[in-house]
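Below are the chains, spelled out letter by letter.
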Amino acid sequence: MYKKTSTAAAVAATTCLFLIVGGCSATSTGKPEADKPEAAKAAPKAKAVDYAAMSPKALAEYLIFESGSYELDQPTQEGTNGRARLTQDDIQKTCSLMKGENLSDKTREKVSALAAASIKYPEDGIKLGDWKKGRELAWSGFGYRTAHNPDDHAKRATGGNCYNCHQLATDRTGGNIGPSLTGYGKIRGNSPATLKYTYEVIYNPHTYFACTNMPRMGATGVLSQQQIADIMAYLLDPASPVNK
Amino acid sequence: MFKKTLRALPIALAVSATAGLSMAEAPEDVLDKLIKKTNSPYLTQSPQNIMIMPDNPAWLVADEGAILFRTPRGPKNASLEKCDFGKGPGVLEGAHVELPRYFADTGKVMDLDSRLVHCMKTLQGFTDNDPAIKKKHGSDSDIMKLQTYIASKSGGMSWNPPMNHPMEKAMRNAGEVMFYRRSGTMDFSCSTCHTQDGKRIRASVLPNINRPDEWTKAISWPAYRTSHDHVRSSQHRVLECLWQMRYPDIRNGSDASIALISFWTDAARGAPAILPDLKR
């Protein structure tokens, strides 16, 4: 009931802004939308939705998708819309752990397997790119922000956000949601195994850290293979400031 | 310093004219006590901001709000003095620390922002297209002047949003789910950034929702933001974090925004409000 994605839902959502009984209203006759005559879809019969009778999860989904709260039609840089940004995939759903909830071993394995399966490798093998380009990519947090102030990807290259969460070279201040990566290459060298591990972590970190807070920037297409190679050079090239 | 004396007068007058002696405690004193009690890096991250708290420009905005509040305005030429923020018509003392709450007259859980808009419509006759209601952000907006004034009447009081009505519980609990719910380009949930101690995004220290003595400052809005040179609301903060999260915009006063704010206010329960606050 709270998972409807038709335009009728949007109509209902708008309607509910004007109704003031115990929350708001939406159509629900239990019948699939397709069975209904056109008129019924356009002018849904109001049936009160009782917030207090819904489970917290069901109400949250209702508020996000059906209550008219979000600008679901707002366009995104990847050509989708706000609704798509708010819709969860498997990993997002599984990893939305509430306070006190822990990941079972079985779920951890499932998430890691899903993540590993998402990884595509460069055809000519994993190589290091240009650390200077990688430095800027690691610094930049530009890209994919939409809402009232959308990032224009035509005007500026998108970044990898690494400094938001990591300390890298010490000439710039990084965050600490993730561990410090200062001296990463100096400590790990650049054996094929290190290259592979680093590529995989950047592409989809859930492979090694199920339900991590680090984004999956290869899997989601935020970073291209070339950009990952440049960032890897920033982490691993002995000439990079990260390793000085 | 001289600003402090200047603002003390109109406020004292406003208070004596309406609700008797003010119970509100100066925000810099509230913050000082919290800093002494905790060792929170979030509370102490900007010595500069702590220093200018007594001269917080938000006080001037609150003073303008005090005048607006008492001035008959709108098509109905009425003041807001009969507006019920949950503690009875015209009662502002401690009203903000008990919001969001359920209002029987609308059948909705409302925050300060949406309740204020409701009163401006019903008592004063403004409509959504009137600038008084339409302009939601900025120190020069009526909405922010009024919110800053009303909230300042809860300074130092403990957050205590009521959880008696089933709708209040439902909204808080849905807000909790939303807080931990991941989505978007970067898989972010609010909990990614606000559930651990001493974490930073670049240089910004992040408040932890699990520490009421720290979280109270995070949710103490309106606050003057030095980097914006404007007083901002809770609704504005939600917008900003959602933008960083790569989510679409949330509508001002929408049920989803109020669910989030219900949860975040409940998380500060018992800790004293810093109102008006000053933030980076």
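Overview of the structure. (Residues numbered from 1 in each chain as written. Chains lettered and ligands numbered in written order. Predicted model: local features only at pLDDT ≥ 70, side-chain atom pairs only at ≥ 80, totals over all residues. Heavy atoms only, no water.)

## Some remarks on the pattern of salt bridges
Opposite charge on two side chains lets them pair, provided their charged atoms get close.
Move 1: On inspection of all chains with the given rule, the structure shows 32 salt bridges over all chains.
Move 2: For the salt bridge of Glu240(B) with Arg237(B), the shortest nitrogen-to-oxygen distance reads 3.7 Å. Remark: Arg237(B) and Glu240(B) occur in helix H12 (residues 234-244); sequence separation between them is 3 residues, near one turn of the helix.
Move 3: The buried category is assigned to Glu240(B), whose relative accessible area is 16%.
Move 4: Through salt bridges with shared partners, a single ionic network connects Arg135(A), Glu136(A), Asp171(A) and Arg172(A). (Salt bridge = Lys/Arg side-chain N within 4 Å of Asp/Glu carboxyl O. Helix = DSSP H or I, 4+ residues; strand = E, 2+ residues; numbered from the N terminus. Buried < 20%, exposed > 50% of the residue type's maximum accessible area, 1.4 Å probe, protein only.)

## Some words on H12(B)
Residue and element names in this part refer to chain B.
Move 1: Counting buried positions along H12 gives 8 out of 11 residues, so the element sits mostly inside the fold.
Move 2: Buried within H12 are the following residues: Ser234, Gln235, His236, Val238, Leu239, Glu240, Leu242 and Trp243.
Move 3: A positive phi of about 70 degrees marks arginine 246, the residue just after H12.

## Brief notes about the packing of H12(B) against helix H13 (residues 255-266) of chain B
Residue and element names in this part refer to chain B.
Move 1: Where H12 meets H13, the axes come as close as 11 Å, and the angle between the chain directions of the two elements is 105 degrees. What the angle tells us is that H12 and H13 run roughly perpendicular. Facing H12, whose interface residues are Ser234, Gln235, Arg237 and Val238, H13 presents Ser257, Ile258, Leu260, Ile261 and Trp264.
Move 2: Tallied by class, the residues present in the contact of H12 with H13 amount to 5 nonpolar, 3 polar and 1 charged. (Axes fitted to C-alpha atoms, helices over the stretch in contact; angles between N-to-C directions. Parallel < 35°, antiparallel > 145°, perpendicular 65-115°, else oblique. Contact = heavy atoms within 4.5 Å. Nonpolar A, V, L, I, M, F, W, Y, C, P; charged D, E, K, R; others polar.)

## Some thoughts on the sheet that holds strand S6 (residues 230-232) of chain B
Residue and element names in this part refer to chain B.
Move 1: Strand order in the open sheet formed by 3 strands is S6-S5-S7, with mixed pairing between adjacent strands. Edge positions in the sheet fall to S6 and strand S7 (277-279), since each has one partner strand and no second. Sheet twist, expressed as the mean angle between neighbouring strand axes with direction ignored, is 35 degrees.
Move 2: Pairing geometry for strand S5 (residues 223-225) and S7, over 3 bridges, is parallel. If you follow alanine 223 over to S7, its bridge partner there is aspartate 277. (Pairing = 2+ DSSP bridges.)

## Considerations on the side chain of Ser183(B)
Move 1: Position of Ser183(B) among the secondary structure elements: in the loop between helix H9 (166-180) and helix H10 (190-194).
Move 2: Judged by relative accessible area, Ser183(B) falls into the buried class, the value being 0%.
Move 3: With near-sequence residues (within four places) excluded, Ser183(B) lies in contact with Arg85(A), Leu86(A), Thr87(A), Gln88(A), Gln92(A), Phe188(B) and Tyr247(B).

## Observations regarding the interface of chain B and chain A
Move 1: Counting from both sides, the interface comprises 45 residues of chain B and, opposite them, 60 residues of chain A.
Move 2: Interface area, chain B with chain A, both sides summed: about 4,900 Å², of which 55% is carbon and sulfur.
Move 3: If you sort the residues of chain B by the area they bury against chain A, Arg182(B), Arg202(B) and Trp243(B) come out on top, with a joint share of 18%.
Move 4: Seen at the junction of chain B and chain A, the total is 3 salt bridges.
Move 5: For the salt bridge of Asp187(B) with Arg216(A), the shortest nitrogen-to-oxygen distance reads 2.6 Å.
Move 6: Secondary structure elements with two or more residues in the side of chain B that touches chain A: H9, H10, strand S3 (200-201), H12 and H13 of chain B. (Buried area = accessible area lost by both parts, 1.4 Å probe.)

## So, the packing of aromatic side chains
Move 1: In this structure the tally under the stated criterion is 9 aromatic pairs over all chains.
Move 2: Three or more aromatic residues joined by ring pairs form one cluster here, namely Phe179(B), Tyr180(B), Trp215(B) and Phe263(B).
Move 3: Its guanidinium or amino end placed over the ring of Trp139(A), Arg172(A) lies 4.5 Å from that ring's centre, counting from NZ or CZ.
Move 4: For Arg115(B), the ring lying beneath its charged end belongs to Phe103(B), and the centroid distance is 3.7 Å. (Phe/Tyr/Trp six-rings, centres within 6.5 Å; stacked < 30°, edge-to-face > 60°. Lys NZ or Arg CZ within 6 Å of the ring centre and 35° of its normal.)

## Topic: empty space enclosed by the protein
Residue and element names in this part refer to chain B.
Move 1: As enumerated under the stated definition, the model contains 6 cavities of 30 Å³ or more in all.
Move 2: Of the pockets and cavities examined, the largest cavity occupies roughly 120 Å³.
Move 3: What lines the largest cavity is a set of 17 residues, and nearest its centre among them are His96, Asp111, Leu112, Ser234 and Ile261.
Move 4: Of all the secondary-structure elements, those providing two or more residues to the lining of the largest cavity are helix H6 (112-122), H12 and H13. (1 Å grid on protein atoms, 1.4 Å probe; cavity = no way out; pocket = protein on both sides within 12 Å on 5 of 7 lines; lining within 4 Å. Points joined across faces, edges and corners; volume = space filled by probe spheres on them.)

## Side note on unusual backbone geometry
All names here are of chain B.
Move 1: In this model, leucine 99 is joined to proline 100 through a cis peptide bond whose omega is -5 degrees.
Move 2: In this structure, the amide linkage connecting tryptophan 221 to the following residue, proline 222, adopts the cis form with an omega of 0 degrees.
Move 3: Summarising the element assignment, proline 222 is placed in the loop between helix H11 (212-218) and S5.
Move 4: Of note in this structure, aspartate 229 is not a glycine but carries a positive phi near 55 degrees.
Move 5: On the secondary structure map, aspartate 229 appears in the loop between S5 and S6.
Move 6: A positive phi angle is found at arginine 246, which is not glycine, with a value near 70 degrees.

## Some remarks on the environment of Glu136(A)
Residues and elements named next belong to chain A.
Move 1: Position of glutamate 136 among the secondary structure elements: in helix H7 (residues 131-139).
Move 2: Given a relative accessible area of 37%, glutamate 136 falls into the partly exposed group.
Move 3: Between the alpha carbons of glutamate 136 and aspartate 73 there is a distance of 32 Å; along the sequence they are 63 residues apart.

## Looking at the nonpolar core
Move 1: Counting 117 residues, the largest nonpolar core has Leu63(A) and Tyr70(A) as its most contacted members.
Move 2: The biggest single contributor to this core is H9(B), with 8 residues.
Move 3: Both domain 1 (5-97) and domain 2 (105-243) of chain A contribute no fewer than three residues apiece to this core.
Move 4: One finds Leu103(A), Val111(A), Ala115(A) and Ala210(A) within the second-largest nonpolar core, a separate group that totals 7 residues. (Core = buried A, V, L, I, M, F, W, Y, C linked by side-chain atoms within 4.5 Å. Domains from an automatic or database assignment.)

## Things to note about the state of the cysteines
Move 1: By the definition in use, this model includes 2 disulfides over all chains.
Move 2: Each sulfur of the disulfide joining Cys95(A) and Cys211(A) lies 2.0 Å from the other. Because the sign of the S-S torsion sets the handedness, a value of about -75 degrees for the bond joining Cys95(A) and Cys211(A) places this disulfide among the left-handed ones. Taken together, the residues span a long stretch of sequence, with Cys95(A) in helix H5 (residues 90-95) and Cys211(A) in the loop between helix H10 (192-203) and helix H11 (225-236) at a distance of 116 residues.
Move 3: Between Cys83(B) and Cys119(B) runs a disulfide, and the two sulfur atoms are separated by 2.0 Å. Judged by the torsion about the S-S bond (80 degrees), the Cys83(B)/Cys119(B) disulfide is right-handed. Of this pair, Cys83(B) sits in the loop between helix H5 (58-70) and strand S1 (101-103) while Cys119(B) sits in helix H6, and the two are 36 residues apart along the sequence. For the residue pair Cys83(B) and Cys119(B), the accessibility class agrees, reading buried in each case.
Move 4: You can see Cys162(A) has no disulfide; the closest cysteine sulfur is in Cys165(A), sitting 8.8 Å from it.
Move 5: Among the residues examined, Cys162(A) registers a relative accessible area of 14% and is labelled buried.
Move 6: With no disulfide partner, Cys165(A) has as its closest neighbouring cysteine sulfur the one in Cys193(B), 6.5 Å distant. (Disulfide = S-S within 2.5 Å.)

Geometric descriptors of this kind do not, in isolation, establish any biological role.
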